[in-house]
Amino acid sequence: MLEERLFPKSVDEVILEKVRFFFLPDRTAAFVKNLVDGKVSERSLICCNSGCDVCNETIYNCYMAVKKELERT
């Protein structure tokens, strides 16, 4: 069943929802917000296989999910 809301989700709500869906730390929400706002280039999000605690590829996948969700609204 779809959740009915009086107002659509804010950008920040969508970002935090997707960050948690991808099991990323909440602190990455601010970085994803900067991606959405165009302050950071999405080209920087390439997995370098260095074993980062938060992989850029996962952040990229999260960012793409956020973009897709925002385009639907």
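This text goes with the structure placed above it.
Here goes a summary of the coordinates provided.

What counts, and at which threshold
Residues numbered from 1 in each chain as written. Predicted model: local features only at pLDDT ≥ 70, side-chain atom pairs only at ≥ 80, totals over all residues. Heavy atoms only, no water. Phe/Tyr/Trp six-rings, centres within 6.5 Å; stacked < 30°, edge-to-face > 60°. Salt bridge = Lys/Arg side-chain N within 4 Å of Asp/Glu carboxyl O. Buried < 20%, exposed > 50% of the residue type's maximum accessible area, 1.4 Å probe, protein only. Helix = DSSP H or I, 4+ residues; strand = E, 2+ residues; numbered from the N terminus. Axes fitted to C-alpha atoms, helices over the stretch in contact; angles between N-to-C directions. Parallel < 35°, antiparallel > 145°, perpendicular 65-115°, else oblique. Left-handed = near helix turned anticlockwise from the far one by under 90°. Contact = heavy atoms within 4.5 Å. Nonpolar A, V, L, I, M, F, W, Y, C, P; charged D, E, K, R; others polar.

### A short note on the packing of aromatic side chains
In this description, an aromatic ring pair is defined by two values, namely the gap between the centres and the angle between the planes. The final tally for this structure, using the stated rule, is 1 aromatic pair. Ring geometry for Phe21 and Phe22: centres 5.3 Å apart, planes at 80°, overall edge-to-face.

### Observations concerning the pattern of salt bridges
Within the structure shown, the criterion is met by 7 salt bridges. Here Lys18 and Glu17 are joined by a salt bridge, their closest N and O atoms 4.0 Å apart. Classification of Lys18 as buried rests on a relative accessible area of 15%. A salt bridge links Glu42 to Lys67; its shortest N-O distance comes to 3.9 Å. Linking Glu42 in the loop between helix H2 (28-36) and helix H3 (56-72) with Lys67 in helix H3, this pair joins segments that are 25 residues apart in sequence. Its relative accessible area of 30% is what places Glu42 among the partly exposed residues. Taking the relative accessible area as the measure of exposure, Lys67 reaches 27% and is therefore partly exposed. Connected via shared salt-bridge partners are Lys9, Glu17, Lys18, Glu69 and Arg72.

### What about the packing of helix H1 (residues 11-21) against H2?
Running from amino to carboxyl end, H1 crosses H2 at an angle of 125°, the nearest separation of the two axes being 9 Å. Taken as axis vectors, H1 and H2 run oblique relative to one another. Between H1 and H2 lies a crossing of right-handed hand. Note on element contacts: H2 touches H1 through Thr28, Ala29, Val32, Lys33 and Val36, opposite Val11, Asp12, Ile15, Leu16 and Val19. In terms of residue class, the contact of H1 with H2 is made up of 7 nonpolar, 1 polar and 2 charged.

### Things to note about the environment of Phe22
Secondary-structure assignment places Phe22 in the loop between H1 and H2. For Phe22, a relative accessible area of 23% puts it in the partly exposed group. For the pair Phe22 and Asn61, spaced 39 residues apart in sequence, the C-alpha separation works out to 8.3 Å.

### A look at the side chain of Glu69
Here Glu69 shows up in helix H3. Here Glu69 is in contact with Lys9, Val14 and Lys18, once residues within four sequence places are set aside.

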